[in-house]
Amino acid sequence: MLKLSLENIISNIRSKIPFEAVSDDYSFTIKIEEYAPYICGAVHDGHQFRRSLWENCLHTEYDRWYEEDPCTLEMVRTHPITIAGCDSRFEYDLNRAPDSAIYTDAWGKPLWKSPLPGEERSLSLQKHSNFYKVVQALVHQIETKYGKAIVFDMHSFNWRRWEREVPTWNLGTTNIDNHRFEGLVKAWCKKLGQMQLPNGIVSTSKINDTFQGNGYFLKYITNNFGNTLVLATEISKVYCDELTGILYPEVVRSVEKQLKELIPLQVKAFQNSI
């Protein structure tokens, strides 16, 4: 994997050069094996938390991990185009607009002992801005090449905090063109619900059950590209123990293996749609 500047990453994309790189500030990774008609994104996969913030943060490392989406990049790593955040959403949240990307509190608990200095905020927001400059260039290239693009916006959620039964998979669709894409959404939901998972996990899937697809990553792409469908795809954390932080690699691998087959099928259906 290369370490590249923002300018070099965008230049490679505009020149349609395959590459794999981490940004020179280590805030995100991008892999383009080929300029395929789809992108897999994992904006909350990251866990890095820069040292200058440690002493000012009231949340523990486990608190942060609990609200992040570990392994979501790993679940789609075999696909030709992936882009993922490396930094924790507790530094800045790539799935929020810039004006709300830096938390003051998180899930009902204050985040900072004292307000962040301006230079700390500026550094984090610059990373946020750079990520979306790359997203802009990448989606533009794919949509230009194929006339349309599909993005799999991968997330996870903590199922234990819900005081009711929740699905294994949730699709958030309130901010996409449902009149245009309803059939594709239902087809993707059905595919996910038919997964066969280990450890006696029964895969179920619903649309707009736990989350409705209000993330900035989806909104940014949808608002800037008229022929790109973003599927906000969330898996409940059945692939780990939320309370201890133990990961279940056999479940992660099973999801990865099945998504390797299911995502291309969904892409083909998208390409064949009007």
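In what follows, the structure referred to is the one given above.
Note that the structure is a prediction, hence the values are computed from the model and not measured. (Residues numbered from 1 in each chain as written. Predicted model: local features only at pLDDT ≥ 70, side-chain atom pairs only at ≥ 80, totals over all residues. Heavy atoms only, no water.)

1. A closer look at the pairing of strand β4 (residues 38-42)
Convention followed: A simple rule labels every residue: compare its accessible area, found with a 1.4 Å probe on the protein chains alone, to the largest value its type can have, and call it buried under 20%, exposed over 50%, or partly exposed in between. The numbering of helices and of strands both runs from the N terminus, where a helix is a DSSP run of H or I of at least 4 residues and a strand a run of E of at least 2. In this description, strands pair whenever DSSP reports at least two bridges between them.
Extensive coverage of β4 is indicated by the burial of five of its five residues. Strand direction decides the pairing type here: β4 and strand β8 (residues 149-157), joined by four bridges, are parallel. By the bridge assignment for β8, Gly41 is matched with Asp153.

2. Description of the pattern of salt bridges
For side chains bearing opposite charge, pairing can occur when the charged atoms are close. We count it as follows: In the sections that follow, a salt bridge refers to a side-chain nitrogen of Lys or Arg positioned within 4 Å of a carboxyl oxygen of Asp or Glu.
As enumerated under the stated definition, the model contains 14 salt bridges in all. Glu91 is the salt-bridge partner of Lys127, the closest N and O atoms lying 3.1 Å from each other. Of this pair, Lys127 sits in helix α3 (residues 118-146) while Glu91 sits in the loop between β5 (81-85) and β6 (105-106); the two residues are 36 residues apart in sequence, bridging distant segments of the chain. Take Lys127 and Glu91: they sit in the same class, and that class is buried. Among the ionic pairs, Asp209 bridges to Arg164, the shortest N-O distance being 3.0 Å. Within this pair, whereas Asp209 is found in the loop between β10 (205-207) and α5 (216-224), its partner Arg164 is found in the loop between β8 and β9 (169-172), the two being separated by 45 residues in sequence. Classification of Asp209 by relative accessible area gives buried; the value is 19%. Of the residues examined, Arg164 reaches a relative accessible area of 39% and is grouped as partly exposed.

3. Quick word on the environment of Ser273
Put simply, the rule is: We call two residues in contact whenever any of their non-hydrogen atoms come within 4.5 Å of each other. In protein, a polar contact requires one atom able to donate a hydrogen and another able to accept it; more generally it is a pair of N or O atoms within 3.5 Å, and residues adjacent in sequence count only if both atoms are side-chain atoms.
Within the fold, Ser273 resides in the segment after α6 (249-272). Taking relative accessible area as the criterion, Ser273 reaches 23% and is therefore assigned partly exposed. Between the C-alpha atom of Ser273 and that of Arg180, which follows or precedes it by 93 residues, the distance is 9.6 Å. Excluding residues that lie within four positions of it along the chain, Ser273 makes contacts with Lys148 and Leu184. Within the local environment of Ser273, its side chain forms a polar contact with the backbone oxygen of Phe270, the two atoms lying 2.5 Å apart.

Structural measurements only, silent on function.
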